[in-house]
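Chain by chain, the residues:
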Amino acid sequence: MSTKKDSFTSKDKKFMKLALDLARVRKGLTGDNPSVGCVIVKKDKIISIGQTGYGGRPHAEHNAISNCFEELKDSKMYITLEPCNHYGKTPPCTKNIVKNKISEVYYSIDDIDPKVKGKSYSILKENNINVKKGLLKKEALNLYKSYYINRKKQLPYIIGKIALSKNKIIYSDISKKITSKTSDKLTHYLRLKCDGILITSKTLNTDNPKLDCRLDGYMKFSPKRIILDKNLRIDLKSYIVKSIKNENTIIFHNSNNRNKKSFLIKKGAILINQPTNKYKNFDLKKILKKLYMIGVKNLLVEGGDKLTKSFLQKRMFNEFYMFKSSKNLLKGNKYVNFTSSGILDTKYDKYKINFKLATDKIRIYKI
């Protein structure tokens, strides 16, 4: 067993924990860029903080420097991720750090972006700045797991969610509500942290969902609605169709229904004609690749039993949330059971986290 100690003080760790918290709060709301937290300290006193801006700009370091009303010379900067060193839509953060005579920079982990990775360390060192990395590395790697998956696999980070009753029913035509209002808030939080939400047209036509974030003050961060609709059977009177605006709705189809396509395009929906495979089904991985290319970096799948099972069988989820009510649901004339419990128990059981939320049991599978 290793007894090697790191070279960071308890104060270093305290300041980096704050930077990580700042990054967590903004996670999922920074577009293509990772959410970064930044804390500037002088004589053991915090003199400024910053986060990546909504949509990804300005960067956290820029915001922290701009927010500061004190002399930055000889200060320390704590950053959750290696600062950028290249010109993009904004100047390099390393240039800003050097310009303001910040004397020490601590960051948790290297950026996976090849334009940045490892280069900032050298640039800062060359400018006589004391640089240390690896501070709270484990926590940072966990925070940036989704970002690393995005960059390495060129795919969205995928979160699945299902709500079921005590008797494992996920839909009944006579008992619509399954979980508590408290659990609903967690669902809306997941929607807030994702920039796309995926369902099938069958779920849309059955449930007529809104698929938005209804947390106070965060409605504007509702995810794009993404519908898998091979034969373009979407109900044109549904809430989703009526509320199409600003390209907030993407429909994957393989239909020649000109009238329906024309109507949806005029409404403002993005229609993507997606070929089917030899079994006349969509290739989910190809759809995920396309979603990544058009800017969906974090995807929430709130489909029914069939879509959820397809993702689980192919091990496509990075996280899966199962909300289980304490009450049984009446079956009625039409009902749907959740049939993937066996897959979860055999393939994902060792990764689970359990907790209670109001009257519901929540189980999270980290896959």
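Scroll up to find the structure this text is about.
As the structure is a computational prediction, the values presented were derived from the model and not from experiment. Residue indices follow the written sequence of each chain, beginning from 1 at its first position. Side-chain atom pairs in this predicted model are given and counted only at pLDDT of 80 or more, local residue features only at pLDDT of at least 70, and totals for whole chains, interfaces and linings cover all residues. Excluded from the side-chain calculations are hydrogens and water; all other atoms, namely the structure's heavy atoms, are used.

Peer 1: Got a minute to help me understand the environment of Leu330 in this structure?
Peer 2: Here Leu330 is to be found in the loop between strand 13 (319–324) and strand 14 (335–337). By the convention used here, residues are in contact when the closest approach between their heavy atoms is within 4.5 Å. Ignoring anything within four residues of it in the chain, the contact list for Leu330 reads Ser172, Ile174 and Ser175. What counts as a helix is a DSSP run of H or I of at least four residues, what counts as a strand is a run of E of at least two, and both are numbered from the N terminus.

Peer 1: Looking at this structure, I do not really get the layout of surface pockets. What am I missing?
Peer 2: A probe matching the size of a water molecule, rolled over the atoms, marks out where space remains unfilled. If you add up the space inside the largest pocket, you get close to 1,700 Å³. Around the largest pocket, the lining comprises 47 residues; the ones closest to its centre are Thr203, Asp207, Glu302, Gly303 and Gly304. Those elements that provide at least two residues to the lining of the largest pocket are strand 6 (157–164), strand 7 (169–172), helix 7 (181–192), strand 8 (196–200), helix 8 (201–207) and helix 12 (305–313). For the lining of the largest pocket, the leading source of residues is helix 8, giving six residues. Among the residues making up the lining of the largest pocket, the classes are represented as 13 nonpolar, 16 polar and 18 charged. Cavity and pocket criteria rest on a 1 Å grid covering protein atoms alone: a 1.4 Å probe that fits but cannot get out defines a cavity, protein on both sides within 12 Å along at least 5 of 7 lines defines an open pocket, and an atom within 4 Å of a point defines a lining residue. Grid points are joined across faces, edges and corners, and a volume is the space filled by probe spheres set on the points. Basically, the charged four are Asp, Glu, Lys and Arg, the nonpolar ten are Ala, Val, Leu, Ile, Met, Phe, Trp, Tyr, Cys and Pro, and anything else, Gly included, counts as polar.

Peer 1: I keep staring at the pairing of strand 1 (residues 37–42) and nothing clicks. Help me out?
Peer 2: A regular strand places its side chains on the two faces of the sheet in alternate fashion. Among the six residues that make up strand 1, five are buried, leaving the element largely enclosed by the rest of the structure. Pairing between strands requires that DSSP locate at least two bridges from one strand to the other. Here strand 1 pairs with strand 2 (residues 45–51) via six bridges, running antiparallel. Opposite Val39, over in strand 2, you have Ile49 as the bridge partner. The turn joining strand 1 and strand 2, which pair antiparallel and follow one another in sequence, is formed by two residues; a positive phi near 55° is taken by Lys43. Relative to strand 3 (residues 76–81), strand 1 runs antiparallel, the two being bridged by four bridges. Of the residues in strand 3, the one forming a bridge with Val41 is Lys76. Each residue's exposure class comes from its accessible area (1.4 Å probe, protein chains only) as a fraction of the maximum for that residue type: buried when under 20%, exposed when over 50%, partly exposed otherwise.

Peer 1: Hey, could you run me through a nonpolar patch on the surface in this one?
Peer 2: Patch membership requires over 30% relative accessible area and the absence of a salt bridge. Like charges are linked within 9 Å, and nonpolar side chains (Val, Leu, Ile, Met, Phe, Trp, Tyr) within 5 Å. Shrake-Rupley sampling with a 1.4 Å probe provides the accessible areas, and residues are treated as covered by the protein chains on show and by no other component. In the sections that follow, a salt bridge refers to a side-chain nitrogen of Lys or Arg positioned within 4 Å of a carboxyl oxygen of Asp or Glu. Judged by side-chain polarity, Leu18, Ile46 and Ile49 come together as a nonpolar surface patch covering roughly 210 Å² of accessible area. Take Ile46: it is sitting in strand 2.

Peer 1: Quick question: what am I supposed to make of the pairing of strand 13 here?
Peer 2: Buried residues dominate strand 13, accounting for five of its six residues. Bridge count between strand 6 and strand 13: six bridges; the pairing is parallel. Its bridge partner being in strand 13, Ile159 is matched across the sheet by Glu319. Sheet topology places strand 13 next to strand 16 (residues 360–366); six bridges connect them, and they run antiparallel.

Peer 1: Which parts of the structure should I look at to understand the state of the cysteines?
Peer 2: Joining two cysteines, a disulfide is a covalent bond between their sulfur atoms. Two cysteine sulfur atoms make up a disulfide if the distance between them is within 2.5 Å. The tally for this structure, following the rule as stated, stands at zero disulfides. Free cysteine: Cys84, not disulfide-bonded; nearest cysteine sulfur from Cys93 at 3.6 Å. On the basis of relative accessible area, Cys84 is assigned to the buried category, the value being 10%. We note that Cys213 lacks a disulfide partner, and the nearest cysteine sulfur, in Cys194, lies 11 Å from it. The class for Cys213 is buried, based on a relative accessible area of 0%.

Peer 1: Help me understand the pattern of salt bridges in this model?
Peer 2: Any two side chains of opposite charge can pair, on the condition that their charged atoms come close. A complete count under the given rule lists eleven salt bridges for this structure. Between Lys11 and Asp44 there is a salt bridge, with its nearest N and O atoms 3.0 Å apart. Placement of Lys11 in helix 1 (residues 10–26) and of Asp44 in the loop between strand 1 and strand 2 is noted, with a sequence separation of 33 residues between them. Residue classification places Asp44 among the partly exposed positions, given a relative accessible area of 46%. A salt bridge links Lys297 to Asp32, with the shortest nitrogen-to-oxygen separation between them at 3.0 Å. One end of the pair, Lys297, is in the loop between helix 11 (284–293) and strand 12 (298–301); the other, Asp32, is in the loop between helix 1 and strand 1, with 265 residues separating them in the sequence. A cluster of three or more residues bridged by salt bridges with shared partners is formed by Lys161, Arg191 and Glu302.

Peer 1: Looking at this structure, I do not really get the packing of aromatic side chains. What am I missing?
Peer 2: Side-chain rings of Phe, Tyr and Trp, where Trp is taken by its six-membered ring, are said to pair if the distance between their centres is within 6.5 Å; with planes under 30 degrees apart they count as stacked, over 60 as edge-to-face, and otherwise as tilted. Under the criterion given, the structure shown has ten aromatic pairs. Here Tyr144 and Tyr147 contribute two aromatic rings whose centre-to-centre distance is 6.4 Å and whose plane-to-plane angle is 70°, an arrangement assigned as edge-to-face. The burial state of Tyr144 is the same as that of Tyr147; both residues are buried. Put simply, the rings of Phe8, Phe15, Tyr78 and Tyr106 touch in pairs and so form one group of aromatic residues. Lying across the ring of Tyr239, Lys210 places its NZ or CZ 5.5 Å from the centre. In this analysis the charged atom, NZ for Lys or CZ for Arg, is taken to sit over a ring once it is within 6 Å of the ring centre and within 35 degrees of the ring normal. A cation sits over an aromatic face here: Lys297 above Tyr292, 4.5 Å from the ring centre.

Peer 1: What's the story with the nonpolar core in this structure? I'm lost.
Peer 2: A general feature of soluble globular proteins is that nonpolar side chains tend to end up buried together. Formed by 39 residues in total, the largest nonpolar core has its most connected members in Met77, Val105 and Tyr144. Discounting chain neighbours no more than four positions away, the residues touching Tyr144 are Ala23, Pro34, Ser35, Val36, Thr80, Leu81 and Ile109. Residues Leu155, Ile162, Ile250 and Val296 belong to the second largest nonpolar core, which totals 31 residues. In plain words, nonpolar cores are sets of buried Ala, Val, Leu, Ile, Met, Phe, Trp, Tyr and Cys residues tied together by side-chain atoms within 4.5 Å.

Peer 1: Would you mind going over empty space enclosed by the protein with me for this structure?
Peer 2: All chains considered together, the criterion is met by one cavity of 30 Å³ or more. Within this model, the largest cavity holds a volume of roughly 180 Å³. Lining the largest cavity are 19 residues, and of these Asn33, Pro34, Ser35, Ser146 and Asn298 lie nearest its centre. For the lining of the largest cavity, the element with the most residues is helix 6 (residues 145–153), which contributes four residues. In the lining of the largest cavity, the residues fall into six nonpolar, eight polar and five charged.

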